[in-house]
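Results of the structural survey
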Amino acid sequence: MELLVMAYALKTSCAKNIIGVIPYFPYSKQCKMRKRGSIVCKLLASMLAKAGLTHIITMDLHQKEIQGFFSFPVDNLRASPFLLQYIQEEVPDYRNAIIVAKSPSAAKRAQSYAERLRLGLAVMHGEAQCSESDMADGRHSPPCVRNTTGHPGLELPSGKQQAPFPGIELPIMMAKEKPPITVVGDVGGRIAIIVDDIIDDVEDFVAAAEILKERGAYKIYIMATHGLLSADAPRLIEESAIDEVVVTNTVPHEVQKLQCPKIKTVDVSMILAEAIRRIHNGESMAYLFRNITVDD
């Protein structure tokens, strides 16, 4: 809201360009229609455009397609070069590591890391996976049929219960039954590096780390761009089998670092500053996206 107010103040002051620097774009996970829920990310994009913004600089959107929600240019920078550099310089014996995707949906990102580091790839799937499509929004349509009668004198003469829509028989979707969590790939005697874009609720990461430990991984790292680390995340990380959590400084997390020494920070201010300089001087942004693939 504060950003919207500032942007609107600049718009009413006849500013030529209003550029918003939003390293972590909020509500980016709510970019799909789940049952009859709302697409909050689209709403936020419309609000920013209405407030007067003409350009946005952000980093690692949850889905690249979010850029299509905006009616003005969006520069979606990548943090992967900084995280790859951290792996090469700070992870001892990283040549003996294997990149792990916490869920099949994260396999493309993990594959991109594995190919750049010339490492192997493992994918986890099963009960510990939290699928976005399984999240219920609390609505039920059509409504359930109640067994109570209506007003006196309006009862059906037959006394039988009717379906919500007589004459329409819809097929019932079978409920999903996820298999026990499994790991596709050999992690025995290796350093497991789990990569993702956002780490907020760490319960899935803790469960994945336990499985990897059981499969023989002797060190476990987690690499993520946005470290929200809300609620009891620092305590859970400290008590888990995770050896290190590496996140960038797109979100402030100084308090979480004091609570858990396993949390490390990678500075990405350099690329944000360079993007601001190039836009201000009217220079090309292509240099910041060199060797960047769609899966990064």
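Refer to the preceding data block for the structure.
A brief structural summary.

What counts and how
All residue numbers here refer to positions counted from 1 along the written sequence of the relevant chain. At least 70 in pLDDT is required for a residue's local features to be given in this predicted model, at least 80 for side-chain atom pairs to be given and counted, and no such filter applies to totals for whole chains, interfaces and linings, which use all residues. Values reported for side chains reflect all heavy atoms of the structure, with hydrogen atoms and water molecules removed beforehand. Think of it this way: any DSSP run of H or I at least four residues long counts as a helix, any run of E at least two long counts as a strand, and we number them from the N terminus. To sort residues, take the accessible area from a 1.4 Å probe on protein chains only and compare it with the maximum for the residue type: under 20% means buried, over 50% means exposed, and anything in between is partly exposed. Throughout, a contact is declared for two residues whenever any of their heavy atoms are within 4.5 Å. Per-residue and other accessible areas were derived by the Shrake-Rupley procedure at a 1.4 Å probe size, with only the shown protein chains allowed to occlude residues. Note on pairing: DSSP must find at least two bridges between two strands before they are called paired. Under this scheme, a helix contributes an axis fitted over its contacting stretch, all axes are lines through C-alpha atoms, and angles between N-to-C directions fall in the 0 to 180 degree range. When the strands point away from the viewer, a crossover counts as right-handed if the path from the first strand over the helix to the second runs clockwise. For this analysis, a salt bridge means a side-chain nitrogen from Lys or Arg found within 4 Å of a carboxyl oxygen belonging to Asp or Glu. Each nonpolar core is a collection of buried residues, namely Ala, Val, Leu, Ile, Met, Phe, Trp, Tyr and Cys, held together in the definition by side-chain atoms within 4.5 Å. A helix is expected to reach a length of 1.5 Å times the quantity of its residues less one.

A word on the overall build of the protein chain. Along its length, the protein chain carries 8 helices and 10 strands. Expressed as a percentage of the 296 residues in the protein chain, the buried residues total 40%. Counting only contacts in the protein chain whose residues sit at least 6 apart along the sequence, the fraction spanning at least 24 positions is 64%. Only carbon and sulfur atoms are counted for the fraction: they give 55% of the accessible area of the protein chain, which is about 17,400 Å².

Below, the discussion takes up the sheet that holds strand 1 (residues 19–22). Taken together, 3 strands build an open sheet; the order of strands is 1-2-3 and the sheet is parallel. Whereas interior strands pair on both sides, the edge strands pair on one side only; in this sheet they are strand 1 and strand 3 (74–77). For this sheet, the mean angle separating the axes of adjacent strands, direction not counted, is 15°. Sheet topology places strand 1 next to strand 2 (residues 55–59); 4 bridges connect them, and they run parallel.

Residue alternation in strand 1 divides its side chains into a buried set, Gly20 and Ile22, and an unburied set, Ile19 and Val21. Regarding topology, helix 2 (residues 40–51) serves as the crossover connection from strand 1 to the parallel strand 2, and that connection is right-handed.

Tallying each qualifying case throughout the model produces 6 salt bridges. A salt bridge links Glu283 to Arg277; the shortest N-O distance between them is 3.1 Å. Residue Glu283 is classed as partly exposed on the basis of its relative accessible area of 33%. Between Glu283 and Arg278 there is a salt bridge, and its shortest N-O distance comes to 3.8 Å. The network of salt bridges with common partners includes Glu274, Arg277, Arg278 and Glu283.

Time to look at the nonpolar core. If you look at the biggest cluster of nonpolar residues, it comprises 36 residues, and the most contacted ones within it are Leu77, Ile99, Ile193, Met223 and Ile271. Of all elements in the fold, only strand 2, helix 3 (80–90), strand 4 (97–101), helix 4 (107–117), strand 7 (191–199), strand 8 (219–227) and helix 8 (269–281) reach the threshold of two or more residues within this core. Within the second largest apolar cluster, 28 residues are counted, among which are Ile199, Phe205, Ala224 and Ile263.

For helix 8, built from 13 residues, the straight-helix expectation of 18 Å at 1.5 Å per residue is met to within 8% by its first-to-last C-alpha distance of 18 Å. Looking at the packing, one finds that the buried side of helix 8 touches strand 1, strand 2, strand 3 and helix 3. Taken from the residues just after helix 8, Gly282 is the one with a positive phi, measuring 70°.

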